[in-house]
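# A closer look at the structure
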Amino acid sequence: AHNAASAAGVSTSMWWIDAESDNTWNDDAIQNRDSLQGERDALTDRGAGTVGVYSTTSEWQTITGDWQNGWPSWIGAHDASSGQGRQACTGHQFTGGPTLVVQTDEHDIDRDIAC
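Below you will find a few notes about this structure. Because the structure is a prediction, the values reported are computed rather than measured.

### Structural notes on the packing of helix α2 (residues 29-45) against helix α3 (residues 57-64)
- Put simply, α2 and α3 touch, their axes get as near as 7 Å, and they point 105° apart. When the axis of α2 is compared with that of α3, the two are roughly perpendicular. For the pair formed by α2 and α3, the contact residues are Ala 29, Asn 32, Arg 33 and Leu 36 on the first element and Trp 60, Ile 63 and Thr 64 on the second.
- Of the residues contributing to the contact of α2 with α3, the split by class is 4 nonpolar, 2 polar and 1 charged.

Here it is, written out as structure tokens:
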């Protein structure tokens with residue numbers, strides 16, 4: 001993704017890793033953690049200042065075994081807490097790090113709220 005963005009002339013210091021059950025994951029949470037850590041390391045090696053995770057609490061628990069790594073999170077629209085809007089910015093840190101964005105699904109339209 002970083003190479004494609006660079007080739008298109010797009011540059012950013014913030015990246016989000018998609019950790020959703022719709023993607024392909026191993027049944028071994030440790031291997032999934034290692035994959036996520038490798039993605040994060042590759043992005044930071046290329047100059048990313050912030051690398052966070054887009055997921056839901058339940059998907060994060062299933063994929064990583066509830067890995068508390070302190071990374072920033074973006075709460076996906078299908079998380080039970082996302083309906084709280086800005087109130088979900090606190091108390092729902094599934095990675096143990098700060099929640100920076102909450103996605104809500106009002107009227108079947110995704111809306112992102114900065115925390």
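Still more to cover.
### Thoughts on unusual backbone geometry
- A positive phi angle, close to 65°, is found at Asp 66, a residue other than glycine.
- Note on placement: Asp 66 falls in the loop between α3 and β3 (73-75).
- We classify Asp 66 as partly exposed; its relative accessible area is 37%.

### Observations regarding the sheet that holds strand β1 (residues 14-18)
- Taking strand neighbours across the sheet as the criterion, the 5 strands line up as β1-β2-β3-β4-β5 in an open arrangement whose pairing is mixed. Of all the strands in the sheet, just β1 and β5 (109-114) have a single pairing partner and so form its edges. With direction set aside, neighbouring strand axes in the sheet form an average angle of 25°.
- Bridging between strand β2 (residues 50-55) and β3 involves 3 bridges; their strand directions are parallel. Paired with Ser 55 across the two strands is Ile 75, which belongs to β3.
- Most of the contacts of α2 go to β1, to which it runs at about 160°, and overall it touches β1 and β2.

About the thresholds
Within every chain, residues take consecutive numbers counted from 1 along the sequence as written. This being a predicted model, a pLDDT of at least 70 is required before a residue's local features are given, and a value of 80 or more before pairs of side-chain atoms are given or counted; all residues contribute to the totals for chains, interfaces and linings. Working from all heavy atoms in the structure, the side-chain values ignore hydrogens and water. The axes are straight lines fitted to the C-alpha atoms, using for helices just the contacting stretch, and the angles between their N-to-C directions are given from 0 to 180°. What counts as a helix is a DSSP run of H or I of at least four residues, what counts as a strand is a run of E of at least two, and both are numbered from the N terminus. Throughout this description, any angle smaller than 35 degrees is read as roughly parallel, any larger than 145 degrees as roughly antiparallel, any in the 65 to 115 degree range as roughly perpendicular, and the remainder as oblique. Note on definitions: a residue-residue contact is assigned when non-hydrogen atoms from the two residues lie within 4.5 Å. Each residue gets one of three labels, nonpolar for Ala, Val, Leu, Ile, Met, Phe, Trp, Tyr, Cys and Pro, charged for Asp, Glu, Lys and Arg, and polar for the others, Gly among them. A simple rule labels every residue: compare its accessible area, found with a 1.4 Å probe on the protein chains alone, to the largest value its type can have, and call it buried under 20%, exposed over 50%, or partly exposed in between. Pairing between strands is defined by DSSP: at least two bridges between the two strands are required.

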